[in-house]
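Reading the structure
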Amino acid sequence: MELQFSPVFYIKVDSTSRGTLAVLPSAKRTSQKVVVGDQTGVLTCFGVKRGSASMVFKTLPGAKISCLKLSGSEGGLSDKIFVSSETEVKGFSKKGKQFLNFDTNLTEPISSMHVQGGHLLVCGPYVYNHYLDCKDVDYYLCSDKINDVLCLPPSSEPGPLSPILACQDCSLRLLKGSELQYEVEVAGPPLCMRLWGEGSGGGREGDEVLYGTQTGRVGLVQLTAEEPNYCWDMLNDRKYGGVSCLSTFDLSGDGVEEIVVGRDDGVVEVYSMDDSDQPRLKFTHVMGESVTGVGGGSVGSAHHEEVVVCTFSGRVIGLTREPLTQQTLSQEVKEKLESLRKEVESLEVKVGVAKEQYQETVAAAQSGSDAVSALPAFQVNDKFSLNQDEAWYTLSIELQSPIDMVVLQSDVPVDLQEVDKSSAVVSHSPPDPENGNFLLATFRCHDATRLEVKVRSIEGQQGTLQAFITPRLEPKTCCLRHYSIKPLSLHQRMHSFDESRPCNTLRVSGQFSLGQAHSWVALCLPDVPARPPVEDSAALFFKSTFIHTQLAVLYRKGEVVFRSDNMSTVSVLREVLSKETALKKVAVKITHGQSLHVPVSCSEQLTCHTNCLVHQCFIVWCQLFPWLQ
């Protein structure tokens, strides 16, 4: 049975970050409250009475709210609100009374958080900290960026907690206290996690975890104490955006919770479980802008379930199962609407007067007056990510206000492709390679707050793609964003390396540090952690999303080894490293085709250049003529 939902607008706040919306639980069969935090530091809690939003409390502005979580006493309702701003964690009751203001004194701003009773788990980009009653207990330094943190429900036996870290290197890391138990490979960088069956505490065994990835896939994995068990993994067949938020709630009233998925391209999906415990799509809705938070509950009516959605621009919308034909406007609501219309008309008159005054001020400034023009501030939500299925980069730019135009400029050759849902008008200017200008394209948008473009680079070229973003605001202002194009930009991280393929080996040795070696690897390849590894050595594996070749990088102090079945990849690496070491005046020795004992199995390592060339040519010809396969 398909589920039917109807959109209802509730309130508008300032721009929001991912994971800053929650629906407060209710002990009685009454309508629930919604709490949302925005980037101006304001925490807003509201309910719905007689079809319109009713404010419960609203805090004063402050630092940007980066994360919002609910928690409560053991066995009770999770009706306490915890928010993180920079390095501080604040706690509020459901009525708005602040009872906690804890400064973690971390060197990194808090990007993700989880609260469980007296346990507070906070993460910066690379550091995990565990506090018990505001006292530091555990600590873990991760080798890659942390996108989200979760904790399995505590067992009946006393012992350390089992936190889970969702990391950018396509893995989930299960900890036991401060020790790493094991890593779980998933299909794409995981962005968000949630316990499956939040009401039952993580499924039947309490260790089932839902995750959503940057590539748009959703999966369920069981994290036991010994090893992980993969339950299911949904493919992104419809080519939607990445999963930005997840929630579970019983929307159909059959006692089984549905899965609510929010994506960064504005798609909201509802999945239900069939008899074989596999997810089936029941509902899809397009919001028109990226979704930052989803939740389930009975907000508009105590007798009808709904999905509450928050977008980047701050719109909070309910997708309710209550038929809209039964919703009639009372006389009080009609009077309120009429007063709002009059208020909007008066505001439009005031805005027109203010614009005239501003134009007079600007004219006076041009004539030599001391008047100063103030530029309007606006938030930009942008992303430049590689699509592994199509070997294209997707550049998405989103603003709170409508986009006037976006100008893309590149100092290396790139190809552009518009997405089907884009309504922007594109105009290309002739390239000027002599002055380092290979691309100049202007996108003029019509009443759109989001622009999405596909970009494909040519491997071997290193440069920068610049986006000049101009919103439809007065006075005219522009925001400049830079996106690096690496020499091997179409490569993606993976966890394994096929030793059966013939490989070329490139070895770089000399008097250089581990940090220098790490910086060289990061210069050539994407998805490399910003910080060098904590260990004495590191091994990274990549695959080409274009021709599906592979690359292994193993480096330590004084030595870097590259192994690939693609001779072009090795040639690009040799050229880039030769230029970089010469520029930095670092004396190194670069050898090609020598073997080296490395942590992976390499007993059958081949250094025959002829075999590598034949193998590579066969791969390229198979891409051009599939019938050869």
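Only a predicted model underlies this, so the values are computations on that prediction, with no experimental measurement involved. Numbering of residues starts from 1 in every chain and runs along the sequence as written. Confidence filtering applies because this is a predicted model: local features only for residues at pLDDT of at least 70, side-chain atom pairs given and counted only at 80 or more, and all residues used for totals across whole chains, interfaces and linings. Note: side-chain values were computed over all heavy atoms of the structure, leaving out hydrogens and water.

Counting from the N terminus, the helices are the DSSP runs of H or I reaching at least four residues and the strands are the DSSP runs of E reaching at least two. Assigned secondary structure in the protein chain consists of four helices and 43 strands. Accessible area is worked out with a 1.4 Å probe on protein chains only. A residue is then buried under 20% of its type maximum, exposed over 50%, and partly exposed in between. Relative to its full complement of 629 residues, the protein chain shows a buried share of 50%. Sequence-distant contacts, at least 24 apart, represent 55% of the contacts inside the protein chain between residues at least 6 apart. Every accessible area reported is derived by Shrake-Rupley at a probe size of 1.4 Å, with residue values counting cover from the shown protein chains alone. Carbon and sulfur atoms form 51% of the exposed surface of the protein chain, whose accessible area is close to 30300 Å². Any two residues whose heavy atoms approach within 4.5 Å at even a single point are treated as in contact.

Within a sheet, each strand pairs with its neighbour through backbone hydrogen bonds, oriented either parallel or antiparallel. Here six strands make up an open sheet; going across it, the order is E38-E40-E41-E42-E39-E43 and the pairing antiparallel. Bordering the open sheet on either side are strand E38 (491-494) and strand E43 (588-592), each of which pairs with just one other strand. The mean angle between the axes of side-by-side strands here comes to 20°, regardless of whether they run parallel or antiparallel. Strand pairing is assigned whenever DSSP detects at least two bridges linking the two strands. Two strands pair when backbone bridges link them, and strand E39 (residues 504-510) and E43 are joined in this way by five bridges, in the antiparallel orientation. Each bridged residue has a counterpart across the sheet, and for Val 508 the counterpart in E43 is Ile 590. Angular values range over 0 to 180 degrees, each being the angle between N-to-C directions of two axes fitted as lines to C-alpha atoms, with helices fitted over their stretch in contact. Sheet contacts for helix H2 (residues 514-524): strand E40 (537-544), strand E41 (550-556), strand E42 (559-564) and E43; angle to E41, the most-contacted strand, approximately 160°.

What follows concerns empty space enclosed by the protein. Any residue with an atom within 4 Å of a point lines the site, the site being either a cavity, points on a 1 Å grid over the protein atoms alone where a 1.4 Å probe fits but cannot get out, or a pocket, an open set with protein on both sides within 12 Å along at least 5 of 7 lines. Grid points are joined across faces, edges and corners, and a volume is the space filled by probe spheres set on the points. Per the stated rule, a full pass over the model turns up one cavity of 30 Å³ or more. Quantified by volume, the largest cavity comes out at close to 30 Å³. Amino acids outside the nonpolar list (Ala, Val, Leu, Ile, Met, Phe, Trp, Tyr, Cys, Pro) and the charged list (Asp, Glu, Lys, Arg) are all regarded as polar, and Gly is one of them. By residue class, the composition of the lining of the largest cavity is four nonpolar, three polar and one charged.

Another point: the pattern of salt bridges. Any carboxyl oxygen of Asp or Glu within 4 Å of a side-chain nitrogen of Lys or Arg constitutes a salt bridge here. Taken as a whole and judged by the stated rule, the model has 23 salt bridges. Of the charged contacts, one joins Glu 289 and Arg 315 as a salt bridge, the two residues approaching to 2.9 Å between their closest N and O atoms. Placement of Glu 289 in the loop between strand E25 (279-286) and strand E26 (291-301) and of Arg 315 in strand E28 (residues 315-320) is noted, with a sequence separation of 26 residues between them. With a relative accessible area of 24%, Arg 315 lands in the partly exposed category. Salt bridges linked by common partners bring Asp 144, Asp 169, Arg 173, Glu 183 and Arg 493 together as one network.

To continue, consider the pairing of E38. Going residue by residue along E38, you find His 491 and Arg 493 tucked away on one face and Gln 492 and Met 494 tucked away on the opposite face as well. With four bridges connecting them, E38 and E40 associate as antiparallel partners. Residue pairing across strands places Arg 493 opposite Phe 542, the latter belonging to E40.

Further remarks concern the nonpolar core. Here the nonpolar core consists of buried residues drawn from Ala, Val, Leu, Ile, Met, Phe, Trp, Tyr and Cys, with membership extended through side-chain atoms lying within 4.5 Å. The biggest cluster of nonpolar side chains holds 28 residues, and the ones touching the most others in it are Ile 397, Leu 451 and Leu 465. Those elements that place two or more of their residues in this core are strand E29 (380-387), strand E30 (392-399), strand E31 (403-410), strand E34 (439-444), strand E35 (450-457), strand E36 (463-471) and strand E37 (479-485). The biggest single contributor to this core is E30, with four residues. Beyond its immediate stretch of four places on either side in the chain, Leu 465 contacts Phe 384, Leu 395, Leu 408, Gln 409, Ser 410, Leu 439, Val 455, Arg 481, His 482, Tyr 483 and Ile 485. Judged by nonpolar contacts, the second largest core, of 27 residues, contains Leu 488, Trp 520, Cys 524 and Ile 590.

Glancing now at the packing of H2 against helix H3 (residues 567-584). Remark: H2 packs on H3, axes separated minimally by 11 Å, with the N-to-C direction vectors making an angle of 130°. In terms of orientation, H2 lies oblique with respect to H3. Judged by the sense of rotation from one axis to the other, the crossing of H2 with H3 is right-handed. Contact residues: H2 offers Trp 520, Leu 523 and Cys 524, while H3 offers Leu 573, Val 576, Leu 577, Glu 580 and Thr 581. Among the residues forming the contact of H2 with H3, the class breakdown is six nonpolar, one polar and one charged. If an angle is under 35 degrees, it is roughly parallel; if it is over 145, roughly antiparallel; if it lies from 65 to 115, roughly perpendicular; otherwise it is oblique. In this scheme, a crossing is called left-handed if the near helix is turned counterclockwise away from the far one by less than a right angle; it is called right-handed if the turn is clockwise.

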